[in-house]
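# Remarks on the overall topology
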Amino acid sequence: MSHDFSSFNSFALFVRDVTGTYREAQTDEVLQAAQSMLLSRVRNTEVFTSPQAVRDFLRVRLSALEHEIFAVLHLDAQNRVLEYVEMFRGTVSQTSVYPREVVKESLARNSAAVILVHNHPSGAAQPSRADEALTQTLKAALSLVDVRVLDHLIVAGADVVSFAEMGLL
């Protein structure tokens with residue numbers, strides 16, 4: 001079967017609908033496909049052998065949002081990614097995070113360790129005092145149930161900042 005794509009933009013991506021007809025992909029379809037592909041590259045991979053894949057996934061997932069999201073990467077005992085869970089949604093400048101809920105999710109997934117993640121829609125990658133305090137609170141709460149906090153990542157535009165690399169854990 002041949003298709004005539006001459007009427008489409010030469011830089012467009014195409015999707016095939018349920019009838020088998022090709023059409024130009026919408027922006028949200030392209031982004032969802034990219035996120036799915038990156039998540040599949042991250043899931044069941046060891047975080048420390050593929051940190052770039054984790055950062056790429058988080059950058060695509062969170063960098064363009066206009067509101068804050070707090071998420072958790074749940075890891076098994078070999079530091080392989082079990083699941084990425086977006087737990088709390090906030091405003092343009094803050095998110096309320098409830099340690100009890102983070103602990104519950106970690107226990108439900110049998111996580112051995114976690115990586116905390118949130119974005120800064122402002123584009124400023126520097127952690128705030130509130131970010132540092134939250135990290136210590138979550139680290140203490142999770143340690144009571146033997147779940148280690150390996151890092152806290154902040155996504156700000158194209159930058160992904162690591163608390164561990166900055167010596168803040």
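First, a word on what this report is: a plain description of the structure on this page. Computed from a predicted structure; not experimentally measured.

## As for the overall build of the protein chain
The helix and strand inventory of the protein chain stands at four helices and seven strands. Along its sequence from the N terminus, the protein chain presents helices and strands in the succession β-β-α-α-β-β-α-β-α-β-β. Once local pairs closer than 6 in sequence are excluded, the contacts in the protein chain between residues at least 24 apart make up 60%. Carbon and sulfur atoms provide 52% of the accessible area of the protein chain, an area that totals close to 9,700 Å².

## Description of the nonpolar core
Counting residues in hydrophobic clusters, the biggest one holds 17 residues, and the most contacted among them are Leu58, Leu62, Tyr84, Ile115 and Val117. For this core, the secondary-structure elements that each account for two or more residues are helix H2 (51-62), strand E3 (69-75), strand E4 (81-89), strand E5 (113-119) and strand E6 (148-156). Leave out the neighbours within four places in its chain, and Leu58 touches Ser63, Tyr84, Val117, Leu153 and Val155. Counting residues in hydrophobic clusters, the runner-up holds 15 residues, among them Phe70, Val103, Leu116 and Val147.

## Quick notes on the sheet that holds strand E7 (residues 159-162)
The sheet built from five strands is open, its strands ordered E4-E3-E5-E6-E7 with mixed pairing. Among the strands making up the open sheet, the edge pair consists of E4 and E7. Between one strand and the next, the sheet's axes are offset by a mean angle of 20°, whatever the strand orientation. With four bridges connecting them, E6 and E7 associate as antiparallel partners.

## Quick notes on H2
Taking 1.5 Å of rise per residue, the twelve residues of H2 would be expected to cover 16 Å, and the 16 Å separating its terminal C-alpha atoms lies within 8% of that figure. Of the residues making up H2, those classed as buried are Ala53, Val54, Arg55, Phe57, Leu58 and Leu62.

## Examining the side chain of His120
By the element assignment, His120 lies in the loop between E5 and helix H4 (129-143). Judged by its relative accessible area of 11%, His120 is buried. For His120, the side chain forms a polar contact with the side chain of His118, separated by 3.0 Å. With residues up to four places along the chain from it excluded, the contact list for His120 reads Glu68, Ala125, Gln126, Asp131, Ile154, Val155 and Ala156.

## Regarding the pairing of E3
Taken across its seven residues, E3 has seven buried, putting it largely inside the fold. Neither face of E3 is exposed, since Ile69, Ala71, Leu73 and Leu75 on one face and Phe70, Val72 and His74 on the opposite face are all buried. Direction of pairing for E3 relative to E4: antiparallel, over a ladder of seven bridges. Its bridge partner being in E4, Ala71 is matched across the sheet by Glu86. Here E3 folds back onto E4 in antiparallel fashion, the turn holding five residues, of which Asn79 has a positive phi close to 60°. Bridging between E3 and E5 involves six bridges; their strand directions are antiparallel. Residue pairing across strands places Leu75 opposite Ala113, the latter belonging to E5.

## Structural notes on the layout of surface pockets
Reported here for the largest pocket is a volume of approximately 250 Å³. In this structure, the largest pocket is lined by 16 residues; those nearest its centre are Glu68, Ser93, Gln94, His118 and Asp131. A per-element tally of the lining of the largest pocket places H4 first, with three residues. When grouped by side-chain class, the residues that make up the lining of the largest pocket number seven nonpolar, seven polar and two charged.

## Regarding unusual backbone geometry
Positive phi outside glycine occurs at Asn79, with the angle close to 60°. Among the structural elements, Asn79 can be located in the loop between E3 and E4. By relative accessible area, which is 12% here, Asn79 ends up buried. For Asn110, which is not a glycine, the phi torsion comes out positive at approximately 55°. Looking at where Asn110 falls in the secondary structure, it is placed in the loop between helix H3 (99-108) and E5.

The rules behind each value
Residues numbered from 1 in each chain as written. Predicted model: local features only at pLDDT ≥ 70, side-chain atom pairs only at ≥ 80, totals over all residues. Heavy atoms only, no water. Helix = DSSP H or I, 4+ residues; strand = E, 2+ residues; numbered from the N terminus. Contact = heavy atoms within 4.5 Å. Areas by Shrake-Rupley, 256 points an atom, 1.4 Å probe, with all protein chains shown as cover. Core = buried A, V, L, I, M, F, W, Y, C linked by side-chain atoms within 4.5 Å. Buried < 20%, exposed > 50% of the residue type's maximum accessible area, 1.4 Å probe, protein only. Pairing = 2+ DSSP bridges. Axes fitted to C-alpha atoms, helices over the stretch in contact; angles between N-to-C directions. Expected span 1.5 Å × (residues − 1). Polar contact = N/O pair within 3.5 Å; in protein donor to acceptor, adjacent residues only side chain to side chain. 1 Å grid on protein atoms, 1.4 Å probe; cavity = no way out; pocket = protein on both sides within 12 Å on 5 of 7 lines; lining within 4 Å. Points joined across faces, edges and corners; volume = space filled by probe spheres on them. Nonpolar A, V, L, I, M, F, W, Y, C, P; charged D, E, K, R; others polar.

Purely spatial values, then, with no claim about function.
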